[in-house]
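Working through the structure, step by step
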Amino acid sequence: MRRPQLDIQLKTPDQIEKMRAAGLVVAEALRRMREAVAPGVSTADLDAIAEATIREAGGVPSFKGYHGFPASICSSVNEQIVHAIPSPKQVLQPGDLISIDCGAVLDGWHGDSAITVGVGDVDLALLKMAEVAEDAMWAGIAAAARGAASGKGRLTDISHAVETAVRKGGRYGIVDGYGGHGIGTEMHQDPHVLNHGRPGKGPRLVPGMALAIEPMITMASPRTVELADGWTVVTRDGSVAAHVEHSMALLPDGVWVLTAFDGGRARLGDLVTARQPAASTTP
């Protein structure tokens, strides 16, 4: 079923279970890549880990071949914000900050998630920025859960919660023009989810909605430039950026963070649906 206006795909609880399976494949790929991040490792090495993990699980990398994208992950280092193409020539150095975005499709349903990881000894200010981005993502997810539970929530409540958390965290640039999105039988669906804005606008938050929430922030200016490869987006002023993302779904009794091993329980508590066991046996 799809809502008119923005063509928002609403999922049944059983379909969300299938999305959860895809989400766990992505979570495992990101776990393995996080463990592999170290000085001397190339972004192509990380890409190989992701593809092997996804295919071992019976899935297909969502990104590979998407509008011609040549890899299974986006591996954005330092001033690169999103969509950077993995390369054997991009070798991680101590002090780097890398954002790894990964997607998988399993049984026709997509999962999409991103993490930001420090390489070796990293400037504490950069690690704080990454933490602020992650806190903002969880604030957005919590706002979605509360909005759906009240029956009064609107899409931009998520955007406002993300922005508020970032502003509370420090003086960071919130990248404009890029943000979260609907997800389901396609990787990118309506609606687009901005990381800033006034609350109370847009479609209602209702059970069946599945969204990828993904803050992207910088140490300075939010202005961006796309490189000649047609994919890599960098900060115009060369400042370092952070990007994090989780896919989540709204159910009648709560939210399910589909790409988190614990379903979001540690960060969201009772806002999480009972479909996610209280004690997870996965990593």
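Rules used in this analysis
- Residue numbers run consecutively from 1 along every chain, following the written order of its sequence.
- Reporting of local features is limited, given that this is a predicted model, to residues whose pLDDT is at least 70; pairs of side-chain atoms are given and counted only at 80 or more, and all residues count toward the totals for whole chains, interfaces and linings.
- The basis for every side-chain value is the complete set of non-hydrogen atoms in the structure, without hydrogens or water.
- UniProt positions are given in the numbering used here, feature names are shortened, and annotations may be inferred rather than shown by experiment.
- Secondary structure elements are taken from DSSP: a helix is a run of H or I of four residues or more, a strand is a run of E of two residues or more, and numbering for both begins at the N terminus.
- Burial status follows relative accessibility: with a 1.4 Å probe on protein chains alone, a residue under 20% of its type maximum counts as buried, one over 50% as exposed, and anything between as partly exposed.
- Only C-alpha atoms enter the line fits that serve as axes; for helices the fit covers just the stretch in contact. Angles between N-to-C directions range over 0 to 180 degrees.
- Roughly parallel means an angle under 35 degrees; roughly antiparallel, over 145; roughly perpendicular, 65 to 115; everything else is oblique.
- Each crossing is labelled by how the near helix is turned from the far one, with a counterclockwise turn of less than a right angle marking it left-handed and a clockwise turn marking it right-handed.
- By the convention used here, residues are in contact when the closest approach between their heavy atoms is within 4.5 Å.
- The nonpolar class holds Ala, Val, Leu, Ile, Met, Phe, Trp, Tyr, Cys and Pro. Asp, Glu, Lys and Arg form the charged class, and all remaining residues, Gly among them, are polar.
- Any two rings among Phe, Tyr and Trp, with Trp reduced to its six-membered ring, count as a pair given centres within 6.5 Å; such a pair is stacked if its planes are under 30 degrees apart, edge-to-face if over 60, and tilted if neither.
- Strand pairing follows a simple DSSP-based rule, namely that at least 2 bridges must link the two strands.
- Each salt bridge in this description consists of a side-chain nitrogen of Lys or Arg and a carboxyl oxygen of Asp or Glu lying within 4 Å of one another.

- In the annotation of an unreviewed UniProt entry, the entry for the protein reads Methionine aminopeptidase, and the organism field reads Micromonospora parva.
- The UniProt entry for the protein carries the following text under Function (unreviewed entry): "Removes the N-terminal methionine from nascent proteins. The N-terminal methionine is often cleaved when the second residue in the primary sequence is small and uncharged (Met-Ala-, Cys, Gly, Pro, Ser, Thr, or Val). Requires deformylation of the N(alpha)-formylated initiator methionine before it can be hydrolyzed."
- Turning to the protein, the UniProt annotation filed under Subunit (unreviewed entry) states: "Monomer."

**Looking at unusual backbone geometry**
- The omega torsion of the bond from Asp-190 to Pro-191 falls at 0°, within 30 degrees of zero and hence cis.
- As for its position among the elements, Pro-191 is in strand β10 (residues 189-193).
- Positive phi is not limited to glycine here, since His-67 has a value of about 50°.
- Mapped onto the secondary structure, His-67 falls in the loop between β3 (60-61) and β4 (73-77).
- Using a relative accessible area of 67% as the deciding quantity, one classes His-67 as exposed.

**Overview of the packing of helix α1 (residues 13-36) against helix α2 (residues 43-56)**
- α2 packs onto α1 with a crossing angle of 150° between their chain directions and a minimal axis gap of 9 Å. In terms of axis orientation, α1 runs roughly antiparallel to α2. At the point where α1 passes α2, the crossing takes the right-handed sense. For the pair formed by α1 and α2, the contact residues are Val-25, Glu-28, Ala-29, Arg-32, Met-33 and Ala-36 on the first element and Leu-46, Ile-49, Ala-50, Thr-53, Ile-54 and Glu-56 on the second.
- For the contact of α1 with α2, the class distribution of residues is eight nonpolar, one polar and three charged.

**Quick notes on the packing of aromatic side chains**
- Applying the stated criterion across every chain, the model contains one aromatic pair.
- Each ring, one from Phe-69 and one from Trp-231, has its centre 5.0 Å from the other, and the planes form 80°; the classification is edge-to-face. Remark: Trp-231 occurs in the loop between β13 (224-226) and β14 (233-235) and Phe-69 occurs in the loop between β3 and β4; sequence separation between them is 162 residues.
- Look at Phe-69 and you get buried, because its relative accessible area is 3%.

**Side note on the sheet that holds β13**
- Read from one edge of the open sheet, three strands run β5-β14-β13, paired in antiparallel fashion. Each edge of the sheet is formed by a strand with only one pairing partner; in this case those strands are β5 (80-82) and β13. Taken over all neighbouring pairs, the strand axes of this sheet differ in orientation by 40° on average, direction set aside.
- Relative to β14, β5 runs antiparallel, the two sharing two bridges. Opposite Val-82, over in β14, you have Val-233 as the bridge partner.

**Section: the UniProt feature "domain: Peptidase M24" (unreviewed entry) in the protein**
- Within this numbering scheme, the UniProt entry marks residues 17-247 as carrying the feature "domain: Peptidase M24" (unreviewed entry).
- Overall, residues 17-247 shows 33% helix and 25% strand. The separation of its end C-alpha atoms is 13 Å.

**A closer look at the pairing of strand β6 (residues 97-106)**
- Most of β6 is tucked away, with 10 of its 10 residues classed as buried.
- Here β6 shows two buried faces, one formed by Leu-97, Ser-99, Asp-101, Gly-103 and Val-105 and the other by Ile-98, Ile-100, Cys-102, Ala-104 and Leu-106.
- With two bridges connecting them, β3 and β6 associate as antiparallel partners. Within β6, the position partnered with Pro-61 by the bridge is Ala-104.
- Relative to β6, β4 is paired through five bridges, and the arrangement is antiparallel. Within the sheet, the bridge partner assigned to Cys-74 lies in β6 and is Asp-101.
- Here β6 runs beside strand β7 (residues 109-118); their pairing, made up of 10 bridges, is antiparallel. Within β7, the position partnered with Ile-100 by the bridge is Ile-115.
- Count of turn residues in the β6/β7 antiparallel hairpin: two residues, of which Asp-107 carries a positive phi of about 55°.

**Considerations on the side chain of Ser-159**
- Residue placement: Ser-159 occurs in helix α4 (residues 155-169).
- Its relative accessible area of 3% is what places Ser-159 among the buried residues.
- Look past the residues within four positions of Ser-159 in its chain and what remains in contact with it is Val-193, Leu-194, Asn-195, His-196 and Gly-197.

**A closer look at the pattern of salt bridges**
- Applying the stated rule across the entire model yields 10 salt bridges.
- With its nearest N and O atoms 2.6 Å apart, the salt bridge here joins Arg-31 to Glu-28. Highlighted residues: Arg-31 and Glu-28, both in helix α1, separated by three residues, approximately one helical turn.
- Given the relative accessible area of 26%, Arg-31 is considered partly exposed.
- In this structure Glu-28 comes out as buried when scored by relative accessible area, which is 16%.
- Residue Glu-51 pairs with Lys-64 through a salt bridge whose shortest N-O separation is 2.8 Å. Placement of the pair is Glu-51 in helix α2 and Lys-64 in the loop between β3 and β4, with a sequence separation of 13 residues.

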